[in-house]
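# Structural features, examined
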Amino acid sequence: MNNHHNHDHSQHESHNHEGSHHDHHEQMVQDFKKRLAISIIITIPMLILSPMIQSFIGVDWRFPFDQYILFALATAIFFYGGWPFLTGSGDEIKQKNPGMMTLIGLAITVAYIYSSLTVFGLEGGQFFWELATLIDIMLLGHWIEMRSVMGASNALEELIKLMPNKATRINENGDTEEVNIDSLEAGDHVLVRPGEKVPVDGTIVSGQSSIDESMLTGESVPIEKHENDEVIGGSITQEGSLTLSVEKTGDDSYLSQVINLVQEAQESRSKAQDFTNRAAKWLFYIAVLSGVITLVVWLSFGYPFDHSLERMVTVMVITCPHALGLASPLVVAVSTSLSAKQGLLIRNRINFENARRVDTVVFDKTGTLTKGEFGVTDILPENDYDQNKLIQLAASLEQQSEHPLAQGIVSYAQSNNITIKKANDFQAKTGEGIEGNINGQHIDIVSPNYLDKQQIDYDDDTLKQLSDQGKTVVSVLVDGTLAGMIALADIIKDEAKEAVEQLHAHGIEVVMLTGDHERVAHWVADKIGIDQVYAEVLPDEKADYIKSIQQQSKRVAMTGDGINDAPALATADIGIAIGAGTDVAMESADIVLVQSNPNDVVSLFNLSRQTYRKMVQNLWWAAGYNIVAIPLAAGVLAPIGILLSPAVGAVLMSLSTVIVAINAKLLNTDN
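Predicted, not measured: the structure shown is a model, and the values here were computed from it.

What counts and how
Residues numbered from 1 in each chain as written. Predicted model: local features only at pLDDT ≥ 70, side-chain atom pairs only at ≥ 80, totals over all residues. Heavy atoms only, no water. Helix = DSSP H or I, 4+ residues; strand = E, 2+ residues; numbered from the N terminus. Buried < 20%, exposed > 50% of the residue type's maximum accessible area, 1.4 Å probe, protein only. Contact = heavy atoms within 4.5 Å. Areas by Shrake-Rupley, 256 points an atom, 1.4 Å probe, with all protein chains shown as cover. Pairing = 2+ DSSP bridges. 1 Å grid on protein atoms, 1.4 Å probe; cavity = no way out; pocket = protein on both sides within 12 Å on 5 of 7 lines; lining within 4 Å. Points joined across faces, edges and corners; volume = space filled by probe spheres on them. Nonpolar A, V, L, I, M, F, W, Y, C, P; charged D, E, K, R; others polar. Axes fitted to C-alpha atoms, helices over the stretch in contact; angles between N-to-C directions. Parallel < 35°, antiparallel > 145°, perpendicular 65-115°, else oblique. Left-handed = near helix turned anticlockwise from the far one by under 90°. Patch = residues over 30% accessible without salt bridge, like charges linked within 9 Å, V, L, I, M, F, W, Y side chains within 5 Å. Salt bridge = Lys/Arg side-chain N within 4 Å of Asp/Glu carboxyl O. UniProt positions renumbered as here; feature names shortened; annotations may be inferred. pLDDT = per-residue confidence, 0-100. Core = buried A, V, L, I, M, F, W, Y, C linked by side-chain atoms within 4.5 Å. Expected span 1.5 Å × (residues − 1). Phe/Tyr/Trp six-rings, centres within 6.5 Å; stacked < 30°, edge-to-face > 60°. Lys NZ or Arg CZ within 6 Å of the ring centre and 35° of its normal.

## A look at the overall build of the protein chain
A count of helical and extended segments in the protein chain gives 26 helices and 22 strands. Here the protein chain, with 671 residues, has 54% of them falling under the buried criterion. A sequence separation of at least 24 residues applies to 70% of the contacts in the protein chain between residues at least 6 apart. Carbon and sulfur atoms make up 54% of the accessible area of the protein chain, which amounts to about 29,400 Å² in all.

Following this line, the structure appears as structure tokens:
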């Protein structure tokens, strides 16, 4: 018993860890926001006091000791606003992997130390205003970026919520008692009432019921379960009570194994560095190298050390472009809001950006390509029975049943304005169907097996044909005589065929991966033109199928909506959850489609391509500033009298920042 208790505790540990991770991210976003606000307030007097800015706008507001006030303000902004970058650059250097943080850290440290020395006697102009604006813009960029990528994964929390906490245990005397799940042991007997969640994995000892496993296995039709059949913890009984013998608890249970699969897949996900970081890494090396070369060259030409040092500092500060800090975050912010308007919620930005490289899209069937609900496809009356009359009788009786097939027939009657009558003496015949009286007639709605048992003749060929199309057939008997059959199937979404055609037009292969029956899967695939079908796949195998496709050097996007899809969503290069699905599927995914429309998968790839294009353009604009500014700041054209002053550098820098901001906004018009 202790083992089970410990397991439960460890589950809650992971649950708390997930929650604390989310809270930590929220705190970081708030911290950047607060640092940004305070840094902007400090920047305003710094700009007013800066000699370079004053000379640039043609005023002289100097007064005694003004540079000491400027130094004090610069010290405050350097240590308060710059702290995340200073600590971040320390971490990057420790990992021997300089990136954006190191580049910013280098620029603000060089600007601060050099400018402080000029206040206390070194010859040269100071860069305090550069320091302040760089910190402000980088804080803004990071804050925008963190807000747009926020959404820590709560998948494990959602999975744990699925399991009921309590179970009804039957003791040796036959009495029932409510106990905590973690106190159950293998061999215990538990009672599961109609409509309850099955508390643990077990075997039916007595009773029978249809059990909805769709959330766990992807099986679209509730399964009839009898004595000696196994049931999965977390599935839902529909009618009939069951007594179970507990088989697996804690870590061994099916749901726990799914939790572990999701966890493993999330942890093994590549920590791909984003685009800007790679650019920043090279700029860091360029900044250091350019600075050192500039110093050495100016000194070798016989210039004094303070002049050569100012050139070096100018180069090193100018190499960190403000525009680079905004190049990606602004595009991300625009594409995130644009995608939200289109019903695409981006949870993992790096994987969203990589969606443009996908060459294989894997769809789950139930709830993704199909509606996950039954609709009437064929009405086959016998003996010249009227179609509407047949539906009326079926719907009048089925309205008292909770079964998905019943709901499909009732919906069909309502949408076709067929009057539903009152049924009396309703009774469920578990495993066989339902019966009741309508206007003095005895009505049975039964499975083909019941007809065989009662030796009632029916058209065997038609039934086989419908079954091969993946349809479920019910028979309606009026006073013991067959009045007709009604075929139902999981309704294919209207947009599914269009989505597959558009994906094919982009050269993307489309695969279906489902837990449903082979014949049902192939019928749906043929209807909408899917290239490849994997059917009757167990949930814990779905992630393996994704891996096997990836091993063929393919980049895979998985689209699904059920708990059974969660490990596969987390394993795929890009996980896309259908919004009407379960919370856990959404939490395992990189992108959530709010509208549950397969066409949105196509929109997602288009937006990913556009976002990437804008990012590349922005990085070129940001880098273009460097390509021009670094040689000029170093003094390449000094022999012909052209030397980039820090003030002109500031104008160029502002210009590239404005261009980057406008270009990001133009993402709207491209769509």
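Anyway, onward from the coordinates.
## Considering the sheet that holds strand β2 (residues 176-180)
Within a sheet, each strand pairs with its neighbour through backbone hydrogen bonds, oriented either parallel or antiparallel. What the 6 strands build is an open sheet, ordered β2-β1-β3-β9-β4-β7; its pairing is antiparallel. What marks the edges here is a single partner per strand, and that holds for β2 and β7 (230-231). The pairing of strand β1 (residues 166-170) with strand β3 (residues 189-192) spans 3 bridges and is antiparallel. The residue bridging Ile170 from the neighbouring strand is His189, located in β3.

## Remarks on empty space enclosed by the protein
Under the defined criterion, the tally for this structure stands at 1 cavity of 30 Å³ or more. Volume-wise, the largest cavity comes out at about 40 Å³. If you go around the largest cavity, the residues you meet are Thr360, Glu509, Val511, Gln532, Tyr534, Ile549, Gln552 and Lys554. Sorting the residues of the lining of the largest cavity by element identifies β18 (509-513) and β19 (532-534) as the ones contributing at least two each. For the lining of the largest cavity, the class distribution of residues is 3 nonpolar, 3 polar and 2 charged.

## Focus: the packing of helix α15 (residues 387-398) against helix α16 (residues 404-415)
Running from amino to carboxyl end, α15 crosses α16 at an angle of 125°, the nearest separation of the two axes being 9 Å. Classified by the angle their axes make, α15 and α16 are oblique. Handedness of the crossing formed by α15 with α16: left-handed. Facing α15, whose interface residues are Ile391, Ala394, Ala395 and Glu398, α16 presents Ala406, Ile409, Val410, Tyr412 and Ala413. By residue class, the composition of the contact of α15 with α16 is 8 nonpolar, no polar and 1 charged.

## A short note on a nonpolar patch on the surface
Side chains of Ile40, Ile44, Ile48, Phe56, Ile57 and Trp61 sit close together on the surface and give an oily, nonpolar patch of about 610 Å² of accessible area. Taken together, the elements giving at least two residues each to the nonpolar patch come down to α1 (2-49) and α2 (51-57). The element contributing the most residues to the nonpolar patch is α1, with 3 residues. Inspection of the secondary structure puts Ile44 in helix α1.

## Section: the UniProt feature "transmembrane region" (unreviewed entry) in the protein chain
The sites that UniProt annotates as "transmembrane region" (unreviewed entry) are residues 36-56, 68-86, 98-115, 127-144, 282-301, 313-340, 619-642 and 648-667. Counted over residues 36-56, helix gives 95% and strand 0%. Its end C-alpha atoms are 26 Å apart. Strand forms 0% of residues 282-301 and helix 95%; the C-alpha atoms that close the span are 28 Å apart.

## Structural notes on the sheet that holds strand β21 (residues 574-578)
Taken in spatial order, the 7 strands of this open sheet run β10-β22-β21-β20-β11-β18-β19, and their pairing is mixed. The open sheet is flanked by β10 (344-346) and β19, the only strands paired with a single partner. Each neighbouring strand pair of the sheet contributes to a mean axis angle of 20°, computed without reference to strand direction. The sheet contact formed by β21 and strand β22 (residues 591-593) spans 3 bridges and is parallel. Bridging across to β22, Ala577 finds its partner in Val592.

## A closer look at the confidence of the model for the protein chain
Any region with low pLDDT has predicted coordinates that should not be read closely. When pLDDT is averaged across the protein chain, the result is 81; 85% of the residues are at 70 or more. Here residues 268-273 is a poorly scored stretch, pLDDT under 50, and it has 9 contacts once near neighbours within four places are set aside; other chains count.

## Let's talk about the nonpolar core
Ile108, Leu131, Val361, Leu503, Ile530 and Phe605 are the most contacted members of the largest nonpolar core, which totals 97 residues. Look past the residues within four positions of Leu131 in its chain and what remains in contact with it is Ala74, Ile77, Phe78, Ile108, Ala111 and Tyr112. Val376, Leu393, Ala395 and Leu397 belong to the second largest nonpolar core, which has 25 residues in total.

## Comments concerning helix α5 (residues 100-119)
With 20 residues, α5 extends 29 Å from end C-alpha to end C-alpha; this agrees with the ideal 28 Å at 1.5 Å per step. Within α5, 17 of the 20 residues are buried, which leaves the element mostly enclosed by the surrounding structure. A positive phi of about 120° marks Gly121, the residue just after α5.

## Observations regarding the pairing of β2
For a regular strand, side chains alternate in direction, first toward one face of the sheet and then toward the other. Bridging between β1 and β2 involves 5 bridges; their strand directions are antiparallel. In the sheet register, Ile170 faces β2, and the bridge partner there is Thr176. Connecting the antiparallel pair β1 and β2 is a turn made up of 5 residues, with Gly174 showing a positive phi of about 90°.

## Considerations on the packing of aromatic side chains
Given two aromatic rings, their pairing is described by the distance between the two centres and the angle made by the two planes. If you walk through the whole model with that rule in mind, you get 12 aromatic pairs. With a centroid separation of 6.0 Å and 40° between ring planes, the pair formed by Phe65 and Tyr68 is classed as tilted. By relative accessible area, Phe65 is classed as exposed at 62%. Taking 6.2 Å as the distance between ring centres and 70° as the angle between the ring planes, the aromatic pair formed by Trp282 and Tyr285 counts as edge-to-face. With Trp282 and Tyr285 both in helix α10 (residues 275-300) and 3 residues apart, the pair spans about one turn of that helix. Note on Trp282: relative accessible area 58%, which makes it exposed. Judged by relative accessible area, which is 39%, Tyr285 ranks as partly exposed. Cluster of aromatic residues (ring-pair linked, three or more members): Phe65, Tyr68, Phe71, Phe78, Phe79, Tyr112 and Phe120. The ring centre of Tyr612 lies 3.3 Å from the NZ or CZ of Arg356, which sits over that ring.

## A look at the pattern of salt bridges
Tallied over the entire structure, the rule returns 12 salt bridges. A salt bridge links Asp66 to Arg62; its shortest N-O distance comes to 2.8 Å. A relative accessible area of 44% means that Arg62 is categorised as partly exposed. Between Arg193 and Glu196 there is a salt bridge, with the nearest N and O atoms lying 3.6 Å from each other. Residues joined by salt bridges that share partners form a network here, namely Arg169, Glu177 and Asp188.

## Some thoughts on unusual backbone geometry
Its identity is not glycine, yet Phe65 carries a phi of approximately 65°, on the positive side. Following the sequence through the fold, Phe65 ends up in the loop between α2 and α3 (66-80). Of note in this structure, Ser553 is not a glycine but carries a positive phi near 60°. Counting through the fold element by element, Ser553 comes out in the loop between α21 (539-550) and β20 (556-560).

## A look at the environment of Asp459
In this structure, Asp459 sits in the loop between α17 (448-453) and α18 (460-468). Exposure remark for Asp459: the relative accessible area of 39% places this residue in the partly exposed category. In this structure, the C-alpha to C-alpha distance between Asp459 and Glu382, residues 77 residues apart in sequence, is 9.7 Å.

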